Amino acid sequence: MSERIDAVFRQLAKDGRKGFIAYITAGDPTVERTVEDVLRLAAAGTDLVELGVPFSDPLADGRVNVESAGRALKGGATLARVLDGVRAVRRRSGVPIVLYSYLNPLLARGFEATVRRIAAAGVDGVLILDMAVEEAPSFAPAMRAAGVAPILLVTPTSTAARMKRIAAEAAGFVYCVSRTGVTGARKDLSTDAGDVLARMRRATRLPLALGFGISTPGQAAAAAAAADAVVVGSALVDRLHGAGGDAKARAAVFAWVARMARAAHGAGA
Amino acid sequence: MPRILREPDRTGHFGPYGGVFVPETLMAPLEELDRVFRAAWRDAAFRRELGAALRDYVGRPTPLYLAERLTRELGGPRIYLKREDLCHTGAHKINNALGQVLLARRMGKKRVIAETGAGQHGVATATMAAKFGLECVVYMGRVDMERQALNVTRMRMLGAAVVPVTAGQETLKEAISEAMRDWVTNVRTTHYVLGTAFGAHPYPLMVREFQSVIGREARAQILRREKRLPDLLVACVGGGSNAIGLFHAFVGDPGVRLVGVEAGGLGIRPGRHAARFAGGRLGVLQGARTLVLQDADGQIQDTHSVSAGLDYAAVGPEHVWLRDQGRARYEYVSDTEAVAGFDALARLEGILPALESSHAIAWLLREAPRMKKRDIVIANLSGRGDKDVQQLTEWKSRR
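Residues numbered from 1 in each chain as written. Chains lettered and ligands numbered in written order. Predicted model: local features only at pLDDT ≥ 70, side-chain atom pairs only at ≥ 80, totals over all residues. Heavy atoms only, no water.

**Some remarks on the overall build of chain A**
In terms of helices and strands, chain A carries twelve helices and eight strands. Computed over the C-alpha atoms, the radius of gyration of chain A is 17 Å, within 12% of the 18 Å expected from 2.2 N^0.38 for a compact globule of 269 residues. The dimensions of chain A, computed from C-alpha atoms along their principal axes, are 45 × 40 × 35 Å. Of the contacts made within chain A by residues no fewer than 6 positions apart, 73% connect residues no fewer than 24 positions apart. Here chain A contributes 34 positively and 25 negatively charged side chains, and the mean placements of these two sets differ by 4 Å. (Helix = DSSP H or I, 4+ residues; strand = E, 2+ residues; numbered from the N terminus. Rg over C-alpha atoms; globule rule 2.2 N^0.38 Å. Contact = heavy atoms within 4.5 Å. Lys, Arg positive; Asp, Glu negative; His and termini not counted. Charge placed at Lys NZ, Arg CZ, Asp CG, Glu CD.)

**Here we look at empty space enclosed by the protein**
Residues and elements named next belong to chain B. This structure, assessed with the given rule, holds nine cavities of 30 Å³ or more. Approximately 350 Å³ is the volume attributed to the largest cavity. Taken together, 31 residues line the largest cavity, and the ones lying closest to its centre are H92, K93, A118, G309 and E356. Breaking the lining of the largest cavity down by element, the ones donating at least two residues are β5 (111–116), α5 (120–132), α8 (172–185), α11 (241–247) and α15 (355–367). (1 Å grid on protein atoms, 1.4 Å probe; cavity = no way out; pocket = protein on both sides within 12 Å on 5 of 7 lines; lining within 4 Å. Points joined across faces, edges and corners; volume = space filled by probe spheres on them.)

**With respect to the layout of surface pockets**
Its volume calculated, the largest pocket comes out at about 380 Å³. Around the largest pocket sit 22 residues that line it, and A:P58, A:V66, B:A167, B:G168 and B:R181 are the ones nearest its centre. Taken together, the elements giving at least two residues each to the lining of the largest pocket come down to α3 (63–74) of chain A together with α8 of chain B. In terms of residue count, α3(A) provides more of the lining of the largest pocket than any other element does, six residues in total.

**Side note on the domain arrangement of chain B**
All names here are of chain B. Examined at the domain level, chain B breaks down into domain 1 (21–54 + 92–207) and domain 2 (61–90 + 211–397). Relative to domain 2, the C-alpha centre of domain 1 lies at a distance of 22 Å. Taken together, the contact pairs 35 residues of domain 1 with 42 residues of domain 2. By the criterion of area lost to domain 2, the three top residues of domain 1 are H92, R147 and F198, representing 25% of everything that side buries. Along the contact surface separating domain 1 from domain 2 lie one salt bridge. The interface formed by domain 1 and domain 2 holds 19 residue pairs in polar contact (both at pLDDT 80 or more) in total. Elements with a minimum of two residues in the side of domain 1 that touches domain 2: α4 (93–106), α5, α6 (142–147), α7 (149–157), α8 and α9 (203–211). Ranked by residues supplied to the side of domain 1 that touches domain 2, first place goes to α8 with five residues. Residue classes in the side of domain 1 that touches domain 2 are distributed as 16 nonpolar, 14 polar and five charged. (Domains from an automatic or database assignment. Buried area = accessible area lost by both parts, 1.4 Å probe. Salt bridge = Lys/Arg side-chain N within 4 Å of Asp/Glu carboxyl O. Polar contact = N/O pair within 3.5 Å; in protein donor to acceptor, adjacent residues only side chain to side chain. Nonpolar A, V, L, I, M, F, W, Y, C, P; charged D, E, K, R; others polar.)

**A short note on the sheet that holds strand β8 (residues 190–192) of chain B**
Residue and element names in this part refer to chain B. Reading across from one edge, β7-β6-β5-β8 is the order of the four strands in this open sheet, with parallel pairing throughout. Only two strands of the sheet have a single neighbouring strand rather than two, namely β7 (161–165) and β8. For this sheet, the mean angle separating the axes of adjacent strands, direction not counted, is 25°. One ladder, built from five bridges, connects strand β6 (residues 135–141) with β7; its direction is parallel. Considered in β7, the bridge of V138 is made with V162. Contacts from α5 reach β5 and β6 within the one sheet, and its direction differs from that of β5 by about 165°. (Pairing = 2+ DSSP bridges. Axes fitted to C-alpha atoms, helices over the stretch in contact; angles between N-to-C directions.)

Given below as structure tokens:
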């Protein structure tokens, strides 16, 4: 399970570098564009791509990702079409892909059959936003059996006992949320970030990715210093949406991604 | 009849329903709330404080009123109305808002937030926040703010900030998501006063316990009055808090039939109703595993009801469990039937019911004539209809 994820983190550790993870909403504005985005993200130095599965009621997301999911749904994105996109990426790239989803779209056509389809398409892990670890025993075994890593979140409000339970269910890496709140860019990185990383280190040997609110190369470097990887989400979604179909504007976005990735990579040196 | 399982497990599962389907950030406060609620519920001092406030501030016990003209008109069973519309602020919602605000004080939280559909829960929360000096923010869909404008004014007069929610369908579901976003962000200072027996554990259990005073009173009142238990209870079901509040004290009495009435809206077609038992499938929405109105891909469907308080895509998990066990059944009435229920109660009994509660009355208009004359029915009159007068006037002028 999650060989591509494990291999990326092993290589980063060997090179003494930190990882760069990019989040985009699948299907915003079309699945075809998402395929191109993933390939260009990988070319710009992204180590792992998180693909948001659009959902009508994304309660853990801030405005940028909510609107992005709305555009994707309007464009006709479904989980089946997102997986078509993953297959298209897989024909040209081995970049690890993690789906970032709410539970209901994964339940709609049967959870076990759905995770098998997800694995067969070439997805490496799934992060289910609204699956608290209490509910993981009903879902994580099917994910592991299908060869999809259950990626779990920890937050500044997670207790030591919860971190232990999360570590026991998780595979691939653990997504550490840097602050309380929904997704979205912030001016200052929360002071909670160091604390959540330090406490999670004591609970697991899995790599730790830090995310929520990172939007500048400076923040990426600062975040990467204490973590194994940083995640950039809303700031990227916002830029891609702003660029639209304009080739020059899109090139500028991926140049920015390359700067973010370099800042993260360099933080390990 | 086999013994009905009445209690959820430690993480809120009623059989396969309920549970805790929330982002990890919310788990610490939910665990705290579960701990504080269980301790308070066992604490005699808390129960005394709650009981005194229910009596002196809310105005409990509410009357159990024999609706004689309605009974005669329908020619069926003797119909009693549990008068939750006579609670302070005009609906059962305050039973729960009071309990949760007392808990917020026990947790040392100085700020409360709430979602509201019809506005009754928002008014109740704003009221309790005013009484105890807490900051209060209420999230309300923009569409609901228009159709329940009176309650928006009331909340603002009570000192609450009412925040319009403009996402999606701009009704109750979006207001809940927005309240949860606020809670995730301000979790250390804020308690989320969820208004119905829905969401993640411990809310369905806790809200039921705070609302179960309705059924406890009704049970004692009917035994005093009729020297026997009723044959049937009927209540409207949005999230399901007034229904579970009435039903709970009777769940162990197999002779008492339980009927929940959902919003059939314009008919059982996608986007035109809110009858989850008629059109829903098992899914997860806003914290709970339950029946959800959704499309084949798991996207949540739009809903419609003339009553803002029933206009929601999912139903409280305990109701689905009661249905599975054969203990309760759930039916629906249309918008038009609900308005006829409103009119009937207004003209026959001099009571303007909330459009939500009118669904229970409408079910009686349809079903009571087929029931035995010696039967006894209790309908939960969960709220009063002043808030709906404006909207009803417009509804009628369009016809």
